[in-house]
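Next come the chains, spelled out residue by residue.
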Amino acid sequence: MGERPAANLSGKDRLIVALDVPTHEEALTLVEKLENVSFFKVGLELFLAGNLLGFINELQGRRSGEGGVFVDLKLSGDIGNTIASFIEGCTALNVRFVTLTESMPYVMTTRTIETALKTRGVAEHPKILMVPLLSSLSDDDLRSEGITGTDSAQYILERGEKLLAEGCDGLIVSGDAIGACRERFPNADIVSPGIRPAWSASDDHKRITTPADAIRMGSDYLVVGRPITKNDDPFSAAKAIIDEMDEAIDAKDSVGAAG
């Protein structure tokens, strides 16, 4: 497998802004303010607002650059026809990423990934991303579920290896696990939530990382929501994060060239 496409992208096209707002109007207002952003995430709130595919179609028409749309519904374990219809709709709209999650029994996860890949066929997108462990969970949460003898980073590595072996394209990874996953899975797409600049609050994420640190550790794309969307000046907040990402990208490129 060759170089990951994200390796040649700038911060502008690697920043994904989460449109976690309840209405299409609020989301599109944010998009208009964020002229410096080309990649947006659509999640459960906008799904509940209705006509999600219609909204994505309109969103695709308003964005620019090398970015795209990331549909983050974390579907899993549903009947095959539902998963297939979802992937068909996303393929038709050239959605870049979709998330699936694990379910019990594990055979349901396997079937979900298999159905998604079969439905996508030879199309390049959407890429199928899996979530080994939510960024709102920590080592303590694993122990509370009876999972002992491992920390969150090791747990993510073990689950990630299984999920990639099933055929998914990449993983949703946050915190210190980013570096470990990049080393173990050099060709996988790594998309990182829980990104918080030094000037913002951590909110409900437990394994947070600054934009620069996430890039240095090997993230391909960073998902940022409230530090941008709740800021009084979303454009400037996004610019500050993009600038921080670009500095880290340039520093990595310089080290690679020197090596």
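The coordinates are above.
In what follows, the accompanying structure is described. Treat the numbers as computed from the prediction; the structure is a model and nothing was measured.

Some thoughts on a nonpolar patch on the surface
Then step 1. On the surface, a nonpolar cluster with roughly 340 Å² of combined accessible area is contributed by Leu44, Phe47 and Leu48.
Then step 2. With respect to the secondary-structure elements, leucine 48 resides in helix 3 (residues 44–48).

Re the pattern of salt bridges
Then step 1. Scanning the entire structure with this criterion turns up nine salt bridges.
Then step 2. The salt bridge involving lysine 41 is made with aspartate 20; its shortest N-O contact spans 3.6 Å. Remark: aspartate 20 occurs in the loop between strand 1 (15–18) and helix 2 (24–33) and lysine 41 occurs in strand 2 (residues 39–42); sequence separation between them is 21 residues.
Then step 3. Assessed through its relative accessible area of 8%, lysine 41 is described here as buried.
Then step 4. Glutamate 161 is paired through a salt bridge with arginine 184; the nearest N and O atoms lie 3.2 Å apart. Of this pair, glutamate 161 sits in helix 8 (residues 152–165) while arginine 184 sits in helix 9 (residues 177–184), placing them 23 residues apart in sequence.
Then step 5. When its relative accessible area of 41% is taken as the criterion, glutamate 161 is described as partly exposed.

Considering the side chain of aspartate 220
Then step 1. Along the chain, aspartate 220 falls in the loop between helix 10 (211–217) and strand 8 (221–224).
Then step 2. Taking the relative accessible area as the measure of exposure, aspartate 220 reaches 0% and is therefore buried.
Then step 3. Apart from residues lying up to four places away in sequence, aspartate 220 is in contact with Arg4, Ala6, Arg14, Arg182, Ala188, Asp189 and Ile190.

Some remarks on the side chain of arginine 14
Then step 1. Looking at the secondary structure, you find arginine 14 in helix 1 (residues 11–14).
Then step 2. Comment: no salt bridge for buried arginine 14; closest opposite-charge side chain is aspartate 220, at 4.7 Å.
Then step 3. In contact with arginine 14, not counting residues within four places along its chain, are Ala6, Leu9, Ile215, Ser219, Asp220, Tyr221, Leu222, Met245 and Ile249.

Considerations on the nonpolar core
Then step 1. Leu15, Leu19, Val71 and Ile228 are the most contacted members of the largest nonpolar core, which totals 63 residues.
Then step 2. The greatest single-element share of this core, amounting to seven residues, is contributed by helix 12 (residues 234–258).
Then step 3. Setting aside its immediate chain neighbours within four residues, isoleucine 228 contacts Leu15, Val17, Leu34, Pro234, Ala237, Ala238 and Ile241.
Then step 4. Core analysis: the next-biggest nonpolar cluster, separate from the first, contains 13 residues, Ala6, Ala18, Phe39 and Val223 among them.

Digging into the sheet that holds strand 1
Then step 1. If you trace the eight strands once around the closed barrel, you get 1-2-3-4-5-6-7-8, paired in parallel fashion. If you compare each strand with its neighbour and ignore which way they point, the axes differ by 25° on average.
Then step 2. As defined by bridge partners, strand 3 (residues 68–75) adjoins strand 4 (residues 97–101) across three bridges and the pair is classed as parallel. Paired with phenylalanine 70 across the bridge in strand 4 is phenylalanine 97.

Overview of the packing of helix 5 (residues 80–92) against helix 6 (residues 106–120)
Then step 1. Where helix 5 meets helix 6, the closest approach of the two axes is 9 Å, and the angle between their N-to-C directions is 40°. In this view, helix 5 runs oblique relative to helix 6, as classed from their interaxial angle. Where helix 5 crosses over helix 6, the handedness of that crossing is right-handed. Within the contact between the two elements, helix 5 uses Gly80, Ile83, Ala84, Ile87, Glu88 and Thr91 and helix 6 uses Thr112, Thr115, Ala116, Thr119 and Arg120.
Then step 2. Taken together, the residues that form the contact of helix 5 with helix 6 break down as four nonpolar, five polar and two charged.

Criteria and cut-off values
- Residues numbered from 1 in each chain as written.
- Predicted model: local features only at pLDDT ≥ 70, side-chain atom pairs only at ≥ 80, totals over all residues.
- Heavy atoms only, no water.
- Patch = residues over 30% accessible without salt bridge, like charges linked within 9 Å, V, L, I, M, F, W, Y side chains within 5 Å.
- Areas by Shrake-Rupley, 256 points an atom, 1.4 Å probe, with all protein chains shown as cover.
- Salt bridge = Lys/Arg side-chain N within 4 Å of Asp/Glu carboxyl O.
- Helix = DSSP H or I, 4+ residues; strand = E, 2+ residues; numbered from the N terminus.
- Buried < 20%, exposed > 50% of the residue type's maximum accessible area, 1.4 Å probe, protein only.
- Contact = heavy atoms within 4.5 Å.
- Lys, Arg positive; Asp, Glu negative; His and termini not counted.
- Core = buried A, V, L, I, M, F, W, Y, C linked by side-chain atoms within 4.5 Å.
- Pairing = 2+ DSSP bridges.
- Axes fitted to C-alpha atoms, helices over the stretch in contact; angles between N-to-C directions.
- Parallel < 35°, antiparallel > 145°, perpendicular 65-115°, else oblique.
- Left-handed = near helix turned anticlockwise from the far one by under 90°.
- Nonpolar A, V, L, I, M, F, W, Y, C, P; charged D, E, K, R; others polar.

Functional significance is not addressed by these values, which are geometric in nature.
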